[in-house]
Amino acid sequence: MKVFEIPLRFVKTFLIETNEDGLILVDSGTPGSGRKIIEGITRLGKNPNKIKSIIFTHSHADHIGGASELKRFVNDVKFGIDRNGVDYLENGKIREPVLHSSVLKIIFSIGKPFLFRKFNGVNVDFILEEGELVKGVEIVKTPGHTNDSISIYLPELNAIIVGDTLQGDKSGLKYPNIYEDFEELSKSVEKIKSFNPSIVYVSHGVSSSKFLV
């Protein structure tokens, strides 16, 4: 089993190469990211049509915005998200982030036309529930950033993909500046820490194993 980070403009997607179930893509970037993701997968030497499913860590537009574009590139791909994110993914509905940083508030006010571009939705094929998705890939409910936030734990690698539940820099992992419920967020971070992971893959910033919170 392997995990590959695919960097986009300011967010990442992740490709999981499983031992038995082909490829799983985690998140789809902002609207307009579809082709870049496919090119990134191809550069890794992987066939995009081996992607069996695309799952989403949560329903902010920088994570689900490229879904409909990927559907055009990948044959018979299935989409999965937490039940609280279904409406956003299926209807291309904008989930505005809850900001806790004055700098971010300025950035989002200036960049709103780009950050909240309209995008087409896709049908949800399955709901992400706590527990094993396929052999070696486990869904972990980690609400707080949003109420539909999930993480993906890979026991073979002792690695966990956490979306925006944490963000990272060269110093380590910390709380994000965007969250809907800090009490839930802090519980989710403790849940992630309980795995004692060898690596935590974050969607924004530097992935790490060092917790600063």
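Cut-offs and rules
Residues numbered from 1 in each chain as written. Predicted model: local features only at pLDDT ≥ 70, side-chain atom pairs only at ≥ 80, totals over all residues. Heavy atoms only, no water. Salt bridge = Lys/Arg side-chain N within 4 Å of Asp/Glu carboxyl O. Helix = DSSP H or I, 4+ residues; strand = E, 2+ residues; numbered from the N terminus. Buried < 20%, exposed > 50% of the residue type's maximum accessible area, 1.4 Å probe, protein only. Pairing = 2+ DSSP bridges. Axes fitted to C-alpha atoms, helices over the stretch in contact; angles between N-to-C directions. Phe/Tyr/Trp six-rings, centres within 6.5 Å; stacked < 30°, edge-to-face > 60°. Lys NZ or Arg CZ within 6 Å of the ring centre and 35° of its normal.

- An unreviewed UniProt entry lists the chain under the name MBL-fold metallo-hydrolase superfamily, with Saccharolobus shibatae given as the organism.

### Quick notes on the pattern of salt bridges
Turning to step 1, where the next piece is worked out: Considering all chains together, one arrives at eleven salt bridges under this definition.
Turning to step 2, where the next piece is worked out: Between Glu 17 and Lys 46 there is a salt bridge, with its nearest N and O atoms 3.0 Å apart. Linking Glu 17 in strand β2 (residues 12-17) with Lys 46 in the loop between α1 (34-43) and β4 (51-55), this pair joins segments that are 29 residues apart in sequence.
Turning to step 3, where the next piece is worked out: Lys 187 is paired through a salt bridge with Glu 183; the nearest N and O atoms lie 3.7 Å apart. Of the two residues, Lys 187 and Glu 183 are both situated in helix α6 (residues 182-193); the distance of four residues between them amounts to about one turn of the helix.
Turning to step 4, where the next piece is worked out: Judged by its relative accessible area of 53%, Glu 183 falls in the exposed class.
Turning to step 5, where the next piece is worked out: Salt bridges sharing common partners tie together Arg 95, Asp 148 and Glu 180.

### Considering the sheet that holds strand β8 (residues 137-141)
Two pairing modes exist for strands in a sheet, parallel and antiparallel, and in both the strands are linked by backbone hydrogen bonds.
Turning to step 1, where the next piece is worked out: The sheet built from five strands is open, its strands ordered β7-β8-β9-β10-β13 with mixed pairing. Edge strands, defined here as strands with exactly one partner in the open sheet, are β7 (131-134) and β13 (199-202). Neighbour-to-neighbour, the strand axes of this sheet turn through a mean angle of 30°, independent of strand direction.
Turning to step 2, where the next piece is worked out: In terms of strand pairing, strand β10 (residues 159-163) meets β13 through four bridges, oriented parallel. Bridging from a neighbouring strand, Ile 160 pairs with Val 200 of β13.

### Regarding the packing of aromatic side chains
Turning to step 1, where the next piece is worked out: Under the criterion given, the structure shown has five aromatic pairs.
Turning to step 2, where the next piece is worked out: Geometrically, the ring pair formed by Phe 56 and Phe 79 is stacked, given 6.2 Å between the ring centres and 15° between the ring planes. Within this pair, whereas Phe 56 is found in the loop between β4 and α2 (61-64), its partner Phe 79 is found in strand β5 (residues 78-81), the two being separated by 23 residues in sequence. We note that Phe 56, like Phe 79, is buried.
Turning to step 3, where the next piece is worked out: Sitting above the plane of the Tyr 88 ring, Lys 93 keeps its charged end 5.2 Å from the centroid.

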